[in-house]
Amino acid sequence: MFKKVWIYGAPFSGKTTLACGAEKHFVLSTDGNAQYTTDQYKLITDEVTKNGRITTRKLAWEVFKEQIERFEGGTDYETLVVDLVEDTYEMCRVYMYQKLGITHESDDSFRAWDKVRTEYLSTMRRLINLPYNIVLLSHEDTSKDITKKNGENITSIKPNINDKVANKLAGMVALVGRALVDGNNYTLSIKTDEVVFGGGRLGINNVVIPLDWNEVTKLFEKKDGGKK
């Protein structure tokens, strides 16, 4: 069973280290931080080339899609990591702005929002459906307040990405967890309620495990009847 997971958490909570604990991994890195944990990575950014006076720019979203095509062709890797997911969404927006000739989705409010999400989610579905373990990494967002049924105002905890996109991505993976760090104790919390975004298809909730790829693998093996 291929492991399809989405892990989010605060910076320096061990997300990238966890993902790079998987054997034969490759990281599509948007912020360059993968270089501190692995040498198996590709920096996803705009690529600029010059030929005399002519400058050509390949947008980061195009670079990202090229990498997906590369993995569709088959590689020796077993795990593909996207670090960070929210950056790829912003890359997609910039790409679509250029394609649609706009500067913001509100310039064409009847179509642009939908076109950006369609481009993004269809591409991410291609990625997640690849025959590899897929690990999506995100920072967490704790800036939004919500009101509980009893009228209490509390802070929601979720990945740092558009809510509609987050819900769709969560439906594409088997597990969504939050990375937590307390001193030298790094854990992965699989929990979902009205405050915390998480959960998945493995039939588990309110579970906390060490932040380690082998521990994540055990959750899938238990679901799969102990088979590797």
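Residues numbered from 1 in each chain as written. Predicted model: local features only at pLDDT ≥ 70, side-chain atom pairs only at ≥ 80, totals over all residues. Heavy atoms only, no water.

Engineer: I tried to follow the overall build of the protein on my own but got confused; where do I start?
Structural biologist: Secondary structure assignment for the protein yields 6 helices and 14 strands. Taken against the 2.2 N^0.38 rule, which gives 17 Å for 228 residues, the C-alpha radius of gyration of the protein at 18 Å falls within 12% of a compact globule. Here the C-alpha coordinates of the protein stretch approximately 55 × 50 × 35 Å along the principal axes. Expressed as a percentage of the 228 residues in the protein, the buried residues total 46%. In the protein, the share of contacts with a sequence separation of at least 24, taken over all contacts with a separation of at least 6, comes to 61%. With an accessible surface of roughly 12200 Å², the protein has 46% of that area assigned to carbon and sulfur atoms. Looking at charge distribution, the protein has the averaged site of its 32 positive side-chain charges lying 4 Å from that of its 32 negative ones. (Helix = DSSP H or I, 4+ residues; strand = E, 2+ residues; numbered from the N terminus. Rg over C-alpha atoms; globule rule 2.2 N^0.38 Å. Buried < 20%, exposed > 50% of the residue type's maximum accessible area, 1.4 Å probe, protein only. Contact = heavy atoms within 4.5 Å. Areas by Shrake-Rupley, 256 points an atom, 1.4 Å probe, with all protein chains shown as cover. Lys, Arg positive; Asp, Glu negative; His and termini not counted. Charge placed at Lys NZ, Arg CZ, Asp CG, Glu CD.)

Engineer: How should the pattern of salt bridges be read in this particular structure?
Structural biologist: Any two side chains of opposite charge can pair, on the condition that their charged atoms come close. If you walk through the whole model with that rule in mind, you get 14 salt bridges. Where Lys191 meets Asp193, a salt bridge forms, and the shortest distance between an N and an O atom there is 3.6 Å. Given a relative accessible area of 35%, Asp193 falls into the partly exposed group. Overlapping salt bridges bring together Glu90, Arg93 and Glu105 as one network. (Salt bridge = Lys/Arg side-chain N within 4 Å of Asp/Glu carboxyl O.)

Engineer: Mind showing me how you'd approach the nonpolar core here?
Structural biologist: As a rule of thumb, soluble globular proteins bury nonpolar side chains together. In this structure, Trp6, Phe64, Tyr120, Leu127, Leu136, Ile161 and Leu169 are the most contacted members of the largest nonpolar core, which totals 40 residues. Counting residues per element, the ones that place at least two in this core are β1 (4-9), β2 (25-29), α2 (60-72), β6 (79-83), α3 (85-100), α4 (112-128), β7 (133-141) and α5 (163-170). Ignoring anything within four residues of it in the chain, the contact list for Leu169 reads Trp6, Val85, Tyr120, Leu121, Met124, Ile128 and Ile161. In terms of nonpolar packing, the next biggest core, distinct from the first, is built from 23 residues, Ile7, Leu211, Trp213 and Phe220 among them. (Core = buried A, V, L, I, M, F, W, Y, C linked by side-chain atoms within 4.5 Å.)

Engineer: Got a minute to help me understand the environment of Val94 in this structure?
Structural biologist: Residue position: Val94 is located in helix α3. Separated by 10 residues in the primary sequence, Val94 and His104 place their C-alpha atoms 8.8 Å from one another.

Engineer: Can you help me understand unusual backbone geometry in this one?
Structural biologist: Trans peptide bonds make up most of the peptide bonds, and negative phi angles are found at most residues other than glycine. For the bond running from Asp83 to Leu84, omega is 20 degrees, close enough to zero to count as cis. Here Leu84 shows up in the loop between β6 and α3. Unusually for a residue other than glycine, Phe12 sits at a positive phi of about 65 degrees. By secondary structure assignment, the location of Phe12 is in the loop between β1 and α1 (15-19).

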